[in-house]
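One-letter residues, chain by chain:
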Amino acid sequence: VQLQASGGGLAQSGGSLRLSCVATGNIGSMNEMEWYRQAPGNQRELVASITSDGRTKYSDSVKGRFTISRDNAKNTAYLQMNSLKLGDTAVYYCHAVVIPYGVGIRHFWGQGTLVTVSS
């Protein structure tokens, strides 16, 4: 299973970006899909998560500004980021809990996509 994240880039403070994470390979079934981020000098932190039936959770720092969604038919998760702040600057990683066919539960990470917010 591979996760491919995309959509990062440069945005102005107050602007928006939309991240995508596509899972390919022997997926079987996919449980939680999550977005993490890691700013320079900081630990990786969970930003948002979504279950296979659409239940979502957000960190307090992004609640009300970011929206996580998924398209199960496309094995894709999205992170719509609005009202971006300078503090949102980080590398964003997607993470998925997958049960490949014939294999037990596995955790997979995407390669990360850089989001830079400028004033």
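Residues numbered from 1 in each chain as written. Predicted model: local features only at pLDDT ≥ 70, side-chain atom pairs only at ≥ 80, totals over all residues. Heavy atoms only, no water.

**Student:** Just to check I follow, could you spell out the state of the cysteines for this structure?
**Tutor:** Disulfides are covalent bonds that connect the sulfur atoms of two cysteines. This model, assessed by the stated rule, comprises one disulfide. Here Cys21 is linked by a disulfide to Cys94, with a sulfur-sulfur distance of 2.2 Å. As the torsion about the S-S bond is roughly 65°, the Cys21-Cys94 disulfide counts as right-handed. Here Cys21 is found in strand 3 (residues 17-24), whereas its partner Cys94 is found in strand 9 (residues 90-99), with 73 residues between them in sequence. The exposure class assigned to Cys21 is buried, which follows from its relative accessible area of 1%. (Disulfide = S-S within 2.5 Å. Helix = DSSP H or I, 4+ residues; strand = E, 2+ residues; numbered from the N terminus. Buried < 20%, exposed > 50% of the residue type's maximum accessible area, 1.4 Å probe, protein only.)

**Student:** Help me understand the pairing of strand 7 (residues 66-71) in this model?
**Tutor:** For a regular strand, side-chain orientation follows a simple rule: the groups alternate between the two sheet faces. The two faces of strand 7 differ: Phe66, Ile68 and Arg70 on one face are buried, but Thr67, Ser69 and Asp71 on the other face are not. Pairing between strand 7 and strand 8 (residues 76-81): six bridges, direction antiparallel. Its bridge partner being in strand 8, Thr67 is matched across the sheet by Gln80. The antiparallel pairing of strand 7 with strand 8 creates a hairpin that spans four residues between the two strands, and Asn75 there sits at a positive phi of about 50°. (Pairing = 2+ DSSP bridges.)

**Student:** It is not clear to me how the sheet that holds strand 1 (residues 2-6) should be interpreted in this structure. Could you clarify?
**Tutor:** Neighbouring strands of a sheet are bound in pairs by backbone hydrogen bonds; such pairs are parallel or else antiparallel. Here we have four strands laid out as an open sheet, ordered 1-3-8-7, and antiparallel in their pairing. The strands lining the two open edges of the sheet, one partner per strand, are strand 1 and strand 7. This sheet shows a mean twist of 15° between the axes of neighbouring strands, independent of strand direction. Pairing of strand 1 with strand 3, which is carried by five bridges, proceeds in the antiparallel orientation. By the bridge assignment, Gln2 is partnered in strand 3 with Thr24. (Axes fitted to C-alpha atoms, helices over the stretch in contact; angles between N-to-C directions.)

**Student:** Looking at this structure, I do not really get unusual backbone geometry. What am I missing?
**Tutor:** Excluding glycine, most residues fall at negative phi; most peptide bonds, likewise, are trans. In the Ramachandran plot, Asn75 falls in the positive-phi region, its phi being about 50° despite a non-glycine side chain. Relative to the elements of secondary structure, Asn75 occurs in the loop between strand 7 and strand 8. Residue classification places Asn75 among the partly exposed residues on the basis of a relative accessible area of 24%. The phi dihedral of Ser83 falls on the positive side, at around 50°, and the residue is not glycine. One can find Ser83 in the loop between strand 8 and strand 9.

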